[in-house]
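Descriptive structure summary
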Amino acid sequence: MSTVVTGAFLAGVVAGYGVAIPVGAIAVLILGLAARTSFRVGASAALGVATADGIYAGVAAFGGAVVAGWLAPFATPLRLVAAAVLLGLAGYGAWRALRPRGSADPAAGVGRAARRGLDTPIRAFAGILALTLLNPATVVYFTALVLGRVELGGSGFALATLFTLGVFLASASWQLLIAAGGTMVGRVLTGVRGRLVTALSSSAIIAALAVAMLLNGH
């Protein structure tokens, strides 16, 4: 039982890093807030991202646990579909990282639009939470992960809770690193090379999860 519990938590940690480490517009915004205001504001924004990731992970995990028994007869095709979705997300992330970039930086637009009014911890948390919840790819990602692992059924509540906790802690640790790094670490992560490395790393993690899902089904 302890191995199963540990596995659920570690699965959440890996999944959390998989969705957190690509450095995009929200990460740049967190960096800018921390540099312009204070670490408290940047950390609040970081926890807003982690909370959104945790919410989506919880919805997917608890929903997956509820319907796992119903889907058990279709475990194999479901696992194949989920793995295909993850591979698609991994490929899309890698494509976005490798494609030529135009002169306009979408992160700059988000930063200009959102920085004003986010200069207190509460506003930063609420604003970044709302912005992150608007990303539908996150819930697709977690749903594919959980529904592809129908073994979250059975002792579903405990395992889903640990999975969600693992996602939240992984996401929070990464986002807080960005906030704490300030301009020094932040410029490395948000530069062209930093974004490329983090995006490709995320794609590799997601692809590895898809492959592991396929292998566990045999």
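Residues numbered from 1 in each chain as written. Predicted model: local features only at pLDDT ≥ 70, side-chain atom pairs only at ≥ 80, totals over all residues. Heavy atoms only, no water.

Description of the overall build of the protein
The number of helices and strands found in the protein is nine helices and zero strands. For the protein, the α and β elements follow one another from N to C terminus as α-α-α-α-α-α-α-α-α. Burial status across the protein gives 43% buried among its 218 residues. Contacts spanning at least 24 positions in sequence make up 90% of the contacts within the protein whose residues lie at least 6 apart. Carbon and sulfur atoms make up 71% of the accessible area of the protein, which amounts to about 10700 Å² in all. (Helix = DSSP H or I, 4+ residues; strand = E, 2+ residues; numbered from the N terminus. Buried < 20%, exposed > 50% of the residue type's maximum accessible area, 1.4 Å probe, protein only. Contact = heavy atoms within 4.5 Å. Areas by Shrake-Rupley, 256 points an atom, 1.4 Å probe, with all protein chains shown as cover.)

Regarding the environment of Phe163
Note that Phe163 resides in helix α8 (residues 156–190). Taking relative accessible area as the criterion, Phe163 reaches 2% and is therefore assigned buried. The sequence separation of Phe163 and Gly12 amounts to 151 residues, and the corresponding C-alpha distance is 4.2 Å.

Considering the nonpolar core
Ile30, Leu33, Ala45, Ile128 and Ile178 are the most contacted members of the largest nonpolar core, which totals 18 residues. Within the residue set of this core, elements represented by two or more residues are α2 (25–36), α3 (39–71), α6 (121–133) and α8. Counting 14 residues, the second-largest nonpolar core is a separate cluster that includes Ala15, Tyr56, Ala57 and Ala61. (Core = buried A, V, L, I, M, F, W, Y, C linked by side-chain atoms within 4.5 Å.)

A closer look at the side chain of Ser44
Among the structural elements, Ser44 can be located in helix α3. Among residues more than four places away in sequence, those in contact with Ser44 are Pro121, Ala124 and Phe125.

Things to note about the confidence of the model for the protein
Per-residue pLDDT for the protein averages 74, and the proportion of residues at 70 or more is 66%. Confidence, read as mean pLDDT per element, is least for helix α5 (residues 106–114) in the protein (47) and greatest for α6 (88). In the predicted structure, residues 103–115 sits below a pLDDT of 50 and forms 14 contacts with residues beyond four places in sequence or in another chain. Note that residues 150–154 has pLDDT below 50 and, in this model, 11 contacts with residues that lie over four places away or in other chains. (pLDDT = per-residue confidence, 0-100.)

Describing the side chain of Thr132
Structurally, the position occupied by Thr132 is in helix α6. A relative accessible area of 10% places Thr132 in the buried class. Excluding residues within four positions of it along the chain, Thr132 makes contact with Ile26, Val49, Ala52, Asp53 and Tyr56.

As for α6
Taking 1.5 Å of rise per residue, the 13 residues of α6 would be expected to cover 18 Å, and the 18 Å separating its terminal C-alpha atoms lies within 8% of that figure. Taken residue by residue, α6 has Ala124, Gly127, Ile128, Leu129 and Thr132 as its buried positions. (Expected span 1.5 Å × (residues − 1).)

Concerning the environment of Gly88
Within the secondary structure layout, Gly88 lies in helix α4 (residues 75–98). On a C-alpha basis, the gap between Gly88 and Ala207 in space is 8.7 Å, while along the polypeptide they are 119 residues apart.

Focus: a nonpolar patch on the surface
Side chains of Val81, Val85 and Val140 sit close together on the surface and give an oily, nonpolar patch of about 210 Å² of accessible area. One can find Val81 in helix α4. Residue classification places Val81 among the exposed positions, given a relative accessible area of 51%. (Patch = residues over 30% accessible without salt bridge, like charges linked within 9 Å, V, L, I, M, F, W, Y side chains within 5 Å. Salt bridge = Lys/Arg side-chain N within 4 Å of Asp/Glu carboxyl O.)

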